[in-house]
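The residues making up each chain are set out below.
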Amino acid sequence: MNKFMEVLENILLPIADKLNNNKYLTALRDGFMVSLPLIIFGSIFVVLANLPFLDKLIGEEAFATYQTALGPASAATLSIMGLFVIIGIGYKLTEQYGLEAIYGGAAALASFLILTPQVLEGVAGVIPTVSLGAQGMFLGIITAFVSAELYRFFTQKNWTIKMPPGVPDAVSKSFSALIPITLTLSLFLIIRIIFSYTPFETIQNFIYTIIQQPLTTLGSGLPATIVAVLLIQVFWFFGLHGQIIVNSVFDPIWYTLNDENLQAFQAGLELPNVVTKQFIDTFLVGMGGTGMTLAVIILIFMIGRSRQLKELGKLGAPAGIFNVNEPIIFGLPIVMNPLVLIPWIIAPVVITVITYIAMSTGIVPKPAGIIVPWTTPPLISGFLATGNAWQGAVLQAFNLMVVMVIWWPFLKILDKNYYEKEKSNNK
C-alpha cells in the first residue's frame, strides 16, 4: 500500500501543482466565480416560476402571467451567463498581469460581441440569447483568453497614449487603454471578416462544430464523468483541493450541458443531458461535501465508540449538513490515511453510476439546469435541482445509505483502532 501511495504521489502531485498554478485555469475558475451570484439569482427565480401545483391553485391563465412576470430574472442572468463568464475571465487574467483589469474584461466582452453574428429584425441587428449562453460558451472562453493576452501584449509594449501630469487618473487610464483596446478589437474584426468567407460563415459555428460539440458529447458521458470523479477523490486524498483542480477543466463542459437542460426545462421539452454541473454538485458534492462525508458523520453517531470519532462527529455534523467537510477530511483524517482510501475512492464512483442509471432510465428526473447553491442541505437540494421533483430527494437519501454501507466496515476498523489506543492510554 505504501509503495502504491508513493507512486501515486510522485505522479499526481506534480500534475496538480501545475494545474493549480496555471494562470489560464485560475482565470477560468475565477471567471466562473464572478458569474456565480448572478447564476444563483436566476436559478432561484426559475424555481419560483415553476412551483409544483401552483397552476392548479391559481389557474393556468394566472400561472402564465405569473411566469411571464418572473421571466426577466432568468433571462437577464442564466440565459446570458456566457457574458458574465467572459468579463470575469478577461478581468481576472488581466489582473494577474498587474494591469488595469476592468479594461481587460471590457475588451474581452467587446471582442466576443464583434465575433457574434446578429439576426436582422427590421432595420436593427439582434444578437440571439442562445449565442450568449451555452452555444457561445466555448467561443467566449477562448475569446476572453486571447483578447486579454493581446491587451497585455500591446500595453506592455508601451503602445499607449501618455497623458501629461495633472490629468485626472481616470482619464489618464482611459486614454492609456485606447490603443491596446483598439488594436485588439481590430484583430477580432479581421477574424470575423475572414470567417465570413469560409463554409462555416462565423467563427462561432466553427468553434461549436469543431470543438464544443465533441467536447460536450464526451463530457456528458458516464466514462468521462467517472474519470473526473476519481481524480477529485485522489487529489483530495493527497491534501489537494480536487474539486477546484478538476472543475477548472470540466466546468465549461458541465455548465454548457447545464444550460442546455435549463433551456429545455423552461420550454417544457425533454431534458437532453444527465451529466451537468448540478449532477456533480448536487448528487455527489452536495451530500456533505466531496466524497459525500455526511454519510460518514451519520455512521460515526451510529457505530462510533472512540472518543476521538464521537467528538469529530459533533464537530463535523453542523458543517456537514451544509456540505462543508474539511473537519472530516482533515480530522478523521481522510488525507493520506490508507485505512479509508478504498471507500473514499469507491463510494463516489458507485454513486455516480447509480445516479446516472436512475436518471438515464427515467426513474429520477434529470437535473433541470437550475443552479442550486452548494451549501443547500441534501434532500432539499435534490428536490430543487430536478425541477421540484420529490424523486431527486429520494435518490439523495438512497445514495447516502449506499455510501454508509460502503464505509461501514472501514470506519468500524478505524474506530476500533482509535478506541483501543484510548483504552491503552488510560491505563
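Scope of this entry: the structure provided in the associated data block. (Residues numbered from 1 in each chain as written. Predicted model: local features only at pLDDT ≥ 70, side-chain atom pairs only at ≥ 80, totals over all residues. Heavy atoms only, no water.)

1. A closer look at the overall build of the protein chain
Where we set the bar: By the criteria applied, helices consist of DSSP H or I runs no shorter than four residues and strands consist of E runs no shorter than two, each listed in order from the N terminus. Each residue is assigned to one of three classes by its accessible area relative to the maximum for its type, calculated with a 1.4 Å probe on protein chains only: buried under 20%, partly exposed between the two thresholds, exposed over 50%. Should any heavy atoms of two residues lie within 4.5 Å, those residues are counted as being in contact. Only the protein chains shown count as cover for residues, and the accessible areas themselves come from Shrake-Rupley with a 1.4 Å probe. In this tally, Lys and Arg are treated as positive and Asp and Glu as negative; His is ignored, and so are the chain termini. Taken as the charge centre is NZ of Lys, CZ of Arg, CG of Asp or CD of Glu, depending on the residue.
When helices and strands are counted, the protein chain shows 18 helices and two strands. Each principal axis of the C-alpha distribution contributes one length, and for the protein chain these read about 80 × 60 × 45 Å. Relative to its 427 residues, the protein chain shows a buried fraction of 49%. Put simply, 73% of the contacts in the protein chain that link residues at least 6 apart link residues at least 24 apart. Counting every atom, the protein chain has about 19700 Å² of accessible surface; 69% of that belongs to carbon and sulfur. Between the mean site of the 22 positive side-chain charges and the mean site of the 23 negative ones, the protein chain shows a separation of 12 Å.

2. Points about a positive patch on the surface
Applicable threshold: Exposure above 30% relative accessible area and no salt bridge define the residues that can form patches, which grow by joining like charges within 9 Å and nonpolar side chains of Val, Leu, Ile, Met, Phe, Trp and Tyr within 5 Å. Between Lys or Arg on one side and Asp or Glu on the other, a salt bridge is scored when a side-chain nitrogen of the former is within 4 Å of a carboxyl oxygen of the latter.
Taken together, the side chains of R305, K310, K412, K416 and K423 define a basic patch exposed on the protein surface. Ranked by the residues each element gives to the positive patch, the list is headed by helix 18 (residues 390-426), at three residues.

3. Examining the nonpolar core
Condition: As used here, the term nonpolar core means buried Ala, Val, Leu, Ile, Met, Phe, Trp, Tyr and Cys residues forming a set that is joined through side-chain atoms within 4.5 Å.
Core analysis: the biggest nonpolar cluster contains 103 residues, and L332, W407 and L411 have the highest contact counts within it. If sequence neighbours within four positions are ignored, L411 has contacts with V296, L299, I300, I303, L309 and L332.

4. Quick word on the packing of helix 7 (residues 137-156) against helix 9 (residues 203-219)
Applicable threshold: Angles shown run from 0 to 180 degrees and are taken between the N-to-C directions of axes, each axis being a line fitted to C-alpha atoms and, for helices, limited to the stretch in contact. These descriptions rest on fixed angle ranges, namely under 35 degrees for roughly parallel, over 145 for roughly antiparallel, 65 to 115 for roughly perpendicular, and the rest for oblique. Nonpolar residues are Ala, Val, Leu, Ile, Met, Phe, Trp, Tyr, Cys and Pro. Charged residues are Asp, Glu, Lys and Arg, and all others, Gly as well, are polar.
Here helix 7 crosses helix 9 at 110 degrees, and the two axes come no closer than 8 Å. The pairing of helix 7 with helix 9 is recorded here as roughly perpendicular in orientation. In this structure, helix 7 uses M137, F138, L139 and I142 to contact helix 9, whose residues at the interface are I203, Q204, I207, I211, Q212, L215 and T216. Class assignment of the residues belonging to the contact of helix 7 with helix 9 gives a composition of eight nonpolar, three polar and no charged.

5. Section: the packing of aromatic side chains
To keep things clear, this is the line we draw: Pairing of aromatic rings covers Phe, Tyr and Trp, the last counted by its six-membered ring, and requires centre-to-centre distances within 6.5 Å; plane angles under 30 degrees mean stacked, over 60 mean edge-to-face, and any other angle means tilted.
Under the criterion given, the structure shown has eleven aromatic pairs. Taking 5.5 Å as the distance between ring centres and 80 degrees as the angle between the ring planes, the aromatic pair formed by Y24 and F145 counts as edge-to-face. Of this pair, Y24 sits in helix 2 (residues 23-49) while F145 sits in helix 7; the two residues are 121 residues apart in sequence, bridging distant segments of the chain. For Y24, a relative accessible area of 30% corresponds to the partly exposed category. Residue F145 is classed as buried on the basis of its relative accessible area of 17%. Ring geometry for F32 versus Y255: centroids 4.7 Å apart, planes at 5 degrees, classification stacked. Pair noted here: F32 is in helix 2 and Y255 is in helix 11 (residues 242-266), with a separation of 223 residues, a long-range link.

6. What to know about the side chain of E422
Locating E422 in the fold gives a position in helix 18. No salt bridge is formed by the buried E422, whose closest oppositely charged neighbour, R307, lies at an N-O distance of 5.1 Å. Setting aside residues no more than four positions away along its own chain, E422 makes contact with S306, R307 and Q308.

7. Notes on helix 7
Threshold: Take the residue count of a helix, subtract one, and multiply by 1.5 Å to get its expected span.
Look at helix 7: 29 Å from first C-alpha to last across 20 residues, which is about the 28 Å you get at 1.5 Å a residue. Most of helix 7 is tucked away, with 15 of its 20 residues classed as buried.

8. What to know about unusual backbone geometry
The peptide bond linking L332 to P333 adopts the cis configuration, its omega dihedral lying at -10 degrees. With respect to the helices, strands and loops of the structure, P333 is situated in the loop between helix 15 (326-331) and helix 16 (341-360). Although it is not a glycine, E201 adopts a positive phi angle of roughly 70 degrees. Overall, the relative accessible area of 53% leaves E201 in the exposed class.

9. Overview of the environment of G369
Here G369 lies in the loop between helix 16 and helix 17 (380-385). If sequence neighbours within four positions are ignored, G369 has contacts with N258, N261, L262 and A385.

10. What about the environment of M287?
Topologically, M287 is positioned in the loop between helix 12 (277-285) and helix 13 (294-303). For M287, a relative accessible area of 0% gives the class buried. Along the chain, M287 and S381 lie 94 residues apart, while their C-alpha atoms are 9.0 Å from each other. When sequence neighbours within four positions are dropped, the list of residues in contact with M287 reads T282, M292, T293, L294, N323, I351, P378, Q396, N399 and L400.

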